[in-house]
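Here is how the chains run, residue by residue.
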Protein chains: 2
Amino acid sequence: MLAGGVGGSRFVRGVRQAWPEASITVIANTADDITLHGLRICPDIDTMLYTLGGGIDPEKGWGRREETWSIAEEFTAYGAEPRWFGLGDRDIATHLVRTQLLDNGYSLSEVTQVLADRWLAELPGVRVLPMTDDRVETQVVITDPDTPAGQRAIHFQEYWVRHHAEPEVRQIVQLGIEDARPGPGVIEAITDSELVLLAPSNPVVSIGPILAVPGIRGAIGTTEAAVLGFSGILGGSPILGMAHKLLPAIGVEVSAAGVGAHYGARSRTGILDGWLVDTADAATVDELRAVGLPTLAHPLLMTDPELTAQFVRAGADFVTRNRPAA
Amino acid sequence: MLAGGVGGSRFVRGVRQAWPEASITVIANTADDITLHGLRICPDIDTMLYTLGGGIDPEKGWGRREETWSIAEEFTAYGAEPRWFGLGDRDIATHLVRTQLLDNGYSLSEVTQVLADRWLAELPGVRVLPMTDDRVETQVVITDPDTPAGQRAIHFQEYWVRHHAEPEVRQIVQLGIEDARPGPGVIEAITDSELVLLAPSNPVVSIGPILAVPGIRGAIGTTEAAVLGFSGILGGSPILGMAHKLLPAIGVEVSAAGVGAHYGARSRTGILDGWLVDTADAATVDELRAVGLPTLAHPLLMTDPELTAQFVRAGADFVTRNRPAA
């Protein structure tokens, strides 16, 4: 499964609920990663591990439960910048472990395995793999009248966490993506799987970067597995996050149909064998089927893992039934 | 003043109490510094800043008051090594600020100034300078029958914090000391001062490394200021720390007289113009005077800043009276 952070983690929990015995490999987005205060932070991987391992803050959906904020208080007292990215003490421990291992020459995949040894200890068969061990960074080019060019590029986290996705978006760039290589096991996971799932994560800054790592889109195009996507846009707006601010910048309509068409049908040079939209978007089913994309409308709210498991199973049944025989 | 950590900090607080208007420059030992979990830790500088700035844990005498331990819990859950050096969350914030600034190319002196901007904000005239910006590290060579050579060298912190000063000490080495240069302002502080004080800190691993930085001992030998030392050995044992375990390794008797003779009288190639011993050691006064070291017996317990201020003033009066006219 290809997945981003908060929504992706909830989705994975539902998938695990649907098939408790299945081997599940999560290919996680790393283009949101950022270095702050000298700490290497991988928000999507951490949210995934914390969620699966029971360490997530259940109210926020990100960060640690029973978190303390002593270091943030001290940073304020020292005037340490930046202040817009809140880091809890327990979360910082993860970043310290990661940063030191990376500094000692371990790859992000190896480091993620060390962290997963703790968080996924009770979930045999579940793996979380970084999409790449190479440095990739999503930059958002925003309108800024105070600059000579009228625009400037900022890190995705700065756009989202600091500026709350308010600036006008001109362009989205994944720095380093052309030279990124898929992380160890990523291509094999896609090639050897029975079912490839695209989580209802952000198509622009979560699923987008994963698909843009050279080799991953090709592996999805040729895998014998069925490829099933889930819309994160319900009734015209995202359940989580800021996809509605970013989709226009890549020329995609903010709708379940727009995103479905963006991924496209595998039979027509796209990547999907099936597409699930919410019942609120049932009207688009015929439209998408007309362009070759087998689409099913089903309630897609992930309010608890069992509801998520239900639509995951429904989607799997649907794509298996609708897939052309090999 | 030349000073180490816990005892040195209490001493400095007393000196400040004795002369609230004085300019006070603390030259702090950095040979205890250590890197753990990727964090650069300067125990003596931090204890000094926390103590002077009111942030110290008053019961332990080191570490932060109102400390939390979330990261230590997380390190344990991750199995992160080493576990023998306890780091509180607030303390880690200091190390994060320091480590990032050092990684960005700032010197330890510059970084210490940044930290001091917070901790010494209400103490105009008080400065804390690292003895050197170069890397110096105290290693303790201990007996270890499990090694081929029967001995091995460990970092001072490992000897003290992990092994509680229990192993037999063969030798004490300051790695890097020959090439260390005095930190900016250190020589000038000694040369331009009216009074140079040696805190009752550990003569082997606190005052010893400071004096061993090439140039510092020479500056103390030639300054026009009076040089006054205070014994940290009271009645044959140290008030704090493990000096009694280390003095024998450098051939010095564990007594106020032994340490006084080790520093020596400036009139006889040593560094002291005056030496204060506790009243418990009054019997040694004549013995030390006989070898040219003007010595005064006075209660030296630092149980509160006012008592410390009393013996600091008494020592200053004594050394001024007893000093040969220039």
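Rules of the game
- Along each chain, numbering runs from 1 in the same order as the chain's sequence is written.
- For this description, chains carry letters from A and ligands carry numbers from 1, given in the order in which they are written.
- Thresholds applied to this predicted model are a pLDDT of at least 70 for local features of residues and 80 or more for the giving and counting of side-chain atom pairs; totals over whole chains, interfaces and linings are not thresholded and use all residues.
- Only hydrogens and water are removed before side-chain values are computed, so all heavy atoms of the structure are retained for them.
- Aromatic rings from Phe, Tyr and Trp, taking only the six-membered ring of Trp, are treated as a pair when their centres fall within 6.5 Å; an angle between ring planes under 30 degrees marks them as stacked, one over 60 as edge-to-face, and anything in between as tilted.
- By the criteria applied, helices consist of DSSP H or I runs no shorter than four residues and strands consist of E runs no shorter than two, each listed in order from the N terminus.
- Burial classification: accessible surface area is computed with a 1.4 Å probe over protein chains only, and a residue below 20% of its type maximum counts as buried, one above 50% as exposed, and the rest as partly exposed.
- The rule is short: NZ of Lys or CZ of Arg within 6 Å of the ring centre and within 35 degrees of the ring normal puts a charge over the ring.
- By definition, two strands form a pair when at least two bridges between them are found by DSSP.
- Here, axes are lines fitted to C-alpha atoms. For helices the fit covers the stretch in contact, and angles between N-to-C directions go from 0 to 180 degrees.
- To superpose the copies, least squares is applied to the C-alpha atoms of every residue with a pLDDT of at least 70 in both.
- How far each domain reaches was decided by an automatic or database domain assignment.
- In what follows, residue pairs with any heavy atoms lying within 4.5 Å of each other are defined as contacts.
- The term buried area means the drop in 1.4 Å probe accessible area that two parts suffer when joined, counted for both and summed.
- Salt bridges are counted wherever a side-chain nitrogen of Lys or Arg sits within 4 Å of a carboxyl oxygen of Asp or Glu.
- Nitrogen and oxygen atoms within 3.5 Å of one another constitute a polar contact, given that in protein one can donate a hydrogen and the other can accept it, and given that sequence-neighbouring residues count only through two side-chain atoms.
- Residue polarity follows a fixed list, in which Ala, Val, Leu, Ile, Met, Phe, Trp, Tyr, Cys and Pro are nonpolar, Asp, Glu, Lys and Arg are charged, and the others, Gly among them, are polar.
- The crossing is said to be left-handed when, going from far helix to near helix, the turn is anticlockwise and less than a right angle, and right-handed when the turn is clockwise.
- Like charges are joined within 9 Å and nonpolar side chains (Val, Leu, Ile, Met, Phe, Trp, Tyr) within 5 Å, but only among residues with over 30% relative accessible area and no salt bridge; these make up the patches.
- Values of accessible area rely on a 1.4 Å probe in the Shrake-Rupley scheme; residue burial ignores everything except the protein chains shown.
- Under the convention used here, Asp and Glu are negative, Lys and Arg are positive, and both His and the chain ends fall outside the count.

As recorded by an unreviewed UniProt entry, chain A carries the name LPPG:FO 2-phospho-L-lactate transferase and is attributed to Naumannella halotolerans.

Visitor: Could you give me a rundown of the packing of aromatic side chains, with the residues and numbers involved?
Guide: On inspection of all chains with the given rule, the structure shows 14 aromatic pairs over all chains. When the ring of Phe230(B) is compared with that of Phe311(B), the centres are 5.6 Å apart and the planes differ by 50 degrees; the resulting orientation is tilted. Of the two residues, Phe230(B) sits in strand β10 (residues 226-230) while Phe311(B) sits in helix α13 (residues 305-322), which places them 81 residues apart along the sequence. The exposure class of Phe311(B) is buried, given its relative accessible area of 1%. Pairwise contacts between aromatic rings join Phe11(A), Phe230(A) and Phe311(A) into one cluster. A cation over a ring is seen here: Arg64(A) above Tyr50(A), with NZ or CZ 5.3 Å from the ring centre.

Visitor: Provide a residue-level description of the sheet that holds strand β6 (residues 137-143) of chain B, including the pertinent values.
Guide: All names here are of chain B. In space, the three strands of this open sheet follow the order β7-β6-β8, with antiparallel pairing throughout. A strand with exactly one partner marks an edge of an open sheet, and here the two such strands are β7 (151-155) and β8 (169-175). Across the sheet, the mean angle from the axis of one strand to that of its neighbour is 25 degrees, orientation sign disregarded. Pairing of β6 with β8, which is carried by six bridges, proceeds in the antiparallel orientation.

Visitor: So, the relation of the copies chain A and chain B: which residues are in play, and what are the values?
Guide: In screw terms, the move from chain A to chain B is a rotation of 180 degrees and a rise of 0.0 Å along the axis, fitting with an RMSD of 0.0 Å. On this basis, the relationship between the two copies can be described by a two-fold rotation axis. Across chain A, the smallest distance between a C-alpha and the rotation axis is recorded for Asp89(A), namely 3.3 Å.

Visitor: Tell me what's going on with unusual backbone geometry, and back it up with residues and numbers.
Guide: Excluding glycine, residues mostly have negative phi values, and the peptide bonds linking residues are mostly trans. All names here are of chain A. That bond from Glu-81 to Pro-82 is cis: its omega, -5 degrees, falls within 30 degrees of zero. Locating Pro-82 in the fold gives a position in the loop between α3 (70-78) and α4 (89-103). The phi torsion at His-164 lies on the positive side, around 50 degrees, for a residue other than glycine. Take His-164: it is sitting in the loop between α6 (156-162) and β8 (169-175).

Visitor: Lay out the domain arrangement of chain A with the relevant residues and their values.
Guide: All names here are of chain A. As assigned here, chain A comprises domain 1 (33-130), domain 2 (137-172) and domain 3 (179-322). Look at where the C-alpha atoms of domain 1 and domain 3 centre, and you get two points 27 Å apart. Taken residue by residue, the interface counts five residues in domain 1 and six residues in domain 3. Taken together, the two surfaces of domain 1 and domain 3 that pack against each other cover about 300 Å², and 53% of this comes from carbon and sulfur. Between the two partners, domain 1 and domain 3, sit zero salt bridges. Inspection of the region where domain 1 meets domain 3 yields zero residue pairs in polar contact (both at pLDDT 80 or more). The leading source of residues in the side of domain 1 that touches domain 3 is strand β5 (residues 126-130), at three residues. Considered class by class, the residues forming the side of domain 1 that touches domain 3 number two nonpolar, one polar and two charged.

Visitor: Mind laying out the packing of helix α1 (residues 6-18) of chain B against helix α2 (residues 43-52) of chain B, listing which residues take part and the relevant values?
Guide: All names here are of chain B. Look at α1 against α2: their axes get within 9 Å of each other, and the N-to-C directions meet at 35 degrees. Remark: the crossing between α1 and α2 carries right-handed chirality. Along the contact surface, α1 presents Val-6, Gly-8, Ser-9, Val-12 and Arg-13, while α2 presents Thr-47, Met-48, Thr-51 and Leu-52. When its residues are assigned to classes, the contact of α1 with α2 shows four nonpolar, four polar and one charged.

Visitor: Describe a nonpolar patch on the surface, listing the residues and the values that go with them.
Guide: Taken together, the side chains of Ile239(A), Leu240(A) and Leu301(A) define a hydrophobic patch exposed on the protein surface, amounting to about 230 Å² of accessible area. Within the fold, Leu240(A) resides in the loop between β12 (237-238) and α10 (243-246).

Visitor: Can you explain the interface of chain A and chain B? Please cite residues and give values.
Guide: At the junction of the two partners, chain A supplies 25 residues and chain B supplies 25 residues. Carbon and sulfur atoms make up 59% of the surface buried where chain A meets chain B, a total of about 2,200 Å² over both sides. Our count for the chain A to chain B interface comes out at eight salt bridges. The tally of links from chain A across to chain B stands at 14 residue pairs in polar contact (both at pLDDT 80 or more). Of all the secondary-structure elements, those providing two or more residues to the side of chain A that touches chain B are α3, α4 and α5 (108-119) of chain A. Considering every element that reaches the side of chain A that touches chain B, the biggest residue donor is α4(A), with eight residues. Counted by class, the side of chain A that touches chain B contains 13 nonpolar, six polar and six charged residues.

Visitor: Can you break down the pattern of salt bridges residue by residue, with the values?
Guide: All names here are of chain A. Scanning all chains against the criterion turns up 24 salt bridges over all chains. Among the salt bridges present, the one from Glu-81 reaches Arg-83, with a minimum N-O distance of 3.7 Å. Taking the relative accessible area as the measure of exposure, Arg-83 reaches 49% and is therefore partly exposed.

Visitor: So, the side chain of Asp32(A): which residues are in play, and what are the values?
Guide: Residues and elements named next belong to chain A. In this structure, Asp-32 sits in the loop between β2 (24-28) and β3 (34-36). Despite its burial, Asp-32 remains without a salt bridge, the nearest opposite charge being carried by Arg-40 at 10 Å. A polar atom in the side chain of Asp-32 sits 3.3 Å from the side chain of Asn-29. Beyond its immediate chain neighbours, meaning those up to four positions away, Asp-32 contacts Pro-43, Asp-44, His-155, Phe-156, Gln-157 and Val-205.

Visitor: How would you sum up the sheet that holds strand β6 (residues 137-143) of chain A? Please name residues and give values.
Guide: Residue and element names in this part refer to chain A. The three strands are arranged β7-β6-β8 in an open sheet whose pairing can be described as antiparallel. Edge positions in the open sheet fall to β7 (151-155) and β8, since each of these has one partner strand only. Taken pair by pair, the neighbouring strands of this sheet meet at an average axis angle of 25 degrees, ignoring direction. Of the strand pairs in this sheet, β6 and β7 are connected by five bridges, and their pairing is antiparallel. Bridged to Ile-142 within β7 is Arg-152.

Visitor: Just give me the short version of the environment of Asp304(A), but keep the residues and values in it.
Guide: All names here are of chain A. Positionally, Asp-304 belongs in the loop between β14 (295-297) and α13 (305-322). Looking at Asp-304, the relative accessible area reads 32%, which means it is partly exposed. Taking the C-alpha atoms as reference points, Asp-304 and Gly-14, 290 residues apart in sequence, are found 7.7 Å from one another. Here the side chain of Asp-304 touches Leu-307 through a polar contact of 2.9 Å, landing on its backbone nitrogen.

Visitor: Give a detailed account of helix α11 (residues 256-263) of chain A, specifying residues and quantitative values.
Guide: Owing to its 3.6 residues per turn, the α-helix aligns residues three or four sequence positions apart on the same side. Residues and elements named next belong to chain A. Where burial is concerned, most of α11 is hidden: six out of the eight residues are buried. Those residues of α11 that sit buried are Ala-256, Ala-257, Gly-258, Val-259, Gly-260 and Tyr-263. Gly-264 sits one or two positions beyond α11 and adopts a positive phi of about 80 degrees.

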